[in-house]
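The chain contents come next:
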Amino acid sequence: MSTLLTLLDALDDLPQARELRERTYQALGDSVVDVGCGSGRAVGELAARGVRAIGADLDPAMIEVAAERWPAGEFHVADATALPLDDGSVTGYRADKLLHALAEPERAVAEARRVLAVNGRAVLTGQDWDTFVIDSDDPGLVRTLIHARADAMPSPRAARRYRNLLLDNGFVDVTVEVHTIVWTGPEGLPILASLGEGAWLDEQAARARDDRLFLAVPVFLASGTRAG
């Protein structure tokens, strides 16, 4: 878990990621569940604003870290498809970098509808794992590496389905935005290392040293309102 936590912390600290997080907090109301909360940063930031912020994650180790880091939050070890919340008990639902990890993301969105109050807002955000943009001397290898990484995910293309998942579950006023995070220096290397190693990664490290690295990841943000 330590490697994953280090990578998530590095991502969360990026100015672009902070701006995107702020965007996801809009209009969530006064009681929010963050599903797949990881180390709990969103929960902590929402709680600091006076929101009743609830974090849920299937990983007990992540929940332990979150509870230690953000004691003002409320945290539960829970499945995204079976949240320990009453029907209509929250005004906001947030799932960041989650649905691609689920074999049946539609079940999580159905659960979002269940726990949201009428006129509550759901926000889904994350990357489509087929859409990394990387400059390389071997673009064919890049395509192979990206597709291999995507194929290891239960639902690698869930992000392009966000709008339809919300519509299919009765959400209205559904909107979709794309926010692209760009890396041009060595801080992008841990993400590239998750795709592949060897000579290809050596090339990317050399690019970083020469200020020639380019990595862009489009992040999709969809939101909708729970109809009555």
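For the structure itself, consult the block above.
Residues numbered from 1 in each chain as written. Predicted model: local features only at pLDDT ≥ 70, side-chain atom pairs only at ≥ 80, totals over all residues. Heavy atoms only, no water.

**Student:** Can you break down helix α6 (residues 139-151) residue by residue, with the values?
**Tutor:** With 13 residues, α6 should cover 18 Å at 1.5 Å per step; its first-to-last C-alpha distance of 18 Å lies within 8% of that length. Those residues of α6 not exposed but buried are Val142, Leu145, Ile146 and Ala150. The buried residues of α6 occupy an angular sector of 130 degrees when the element is viewed end-on, so they sit on one face. Tucked into the core, α6 has its buried residues touching β6 (133-134) and α9 (199-209). (Helix = DSSP H or I, 4+ residues; strand = E, 2+ residues; numbered from the N terminus. Expected span 1.5 Å × (residues − 1). Buried < 20%, exposed > 50% of the residue type's maximum accessible area, 1.4 Å probe, protein only. Arc of directions from axis to C-beta. Contact = heavy atoms within 4.5 Å.)

**Student:** Explain unusual backbone geometry to me, using residue names and the numbers behind them.
**Tutor:** Phi is positive for alanine 27, close to 65 degrees, though the residue is something other than glycine. Residue position: alanine 27 is located in the loop between α2 (15-24) and β1 (31-35). Positive phi, close to 55 degrees, is recorded for lysine 97, a residue that is not glycine. Structurally, the position occupied by lysine 97 is in the loop between β4 (90-96) and α5 (105-115).

**Student:** Give a description of the layout of surface pockets that names residues and reports values.
**Tutor:** Volume-wise, the largest pocket comes out at about 1200 Å³. Taken together, 50 residues line the largest pocket, and the ones lying closest to its centre are Leu8, Asp96, Lys97, Leu98 and His100. In terms of residue class, the lining of the largest pocket is built from 26 nonpolar, 11 polar and 13 charged. (1 Å grid on protein atoms, 1.4 Å probe; cavity = no way out; pocket = protein on both sides within 12 Å on 5 of 7 lines; lining within 4 Å. Points joined across faces, edges and corners; volume = space filled by probe spheres on them. Nonpolar A, V, L, I, M, F, W, Y, C, P; charged D, E, K, R; others polar.)

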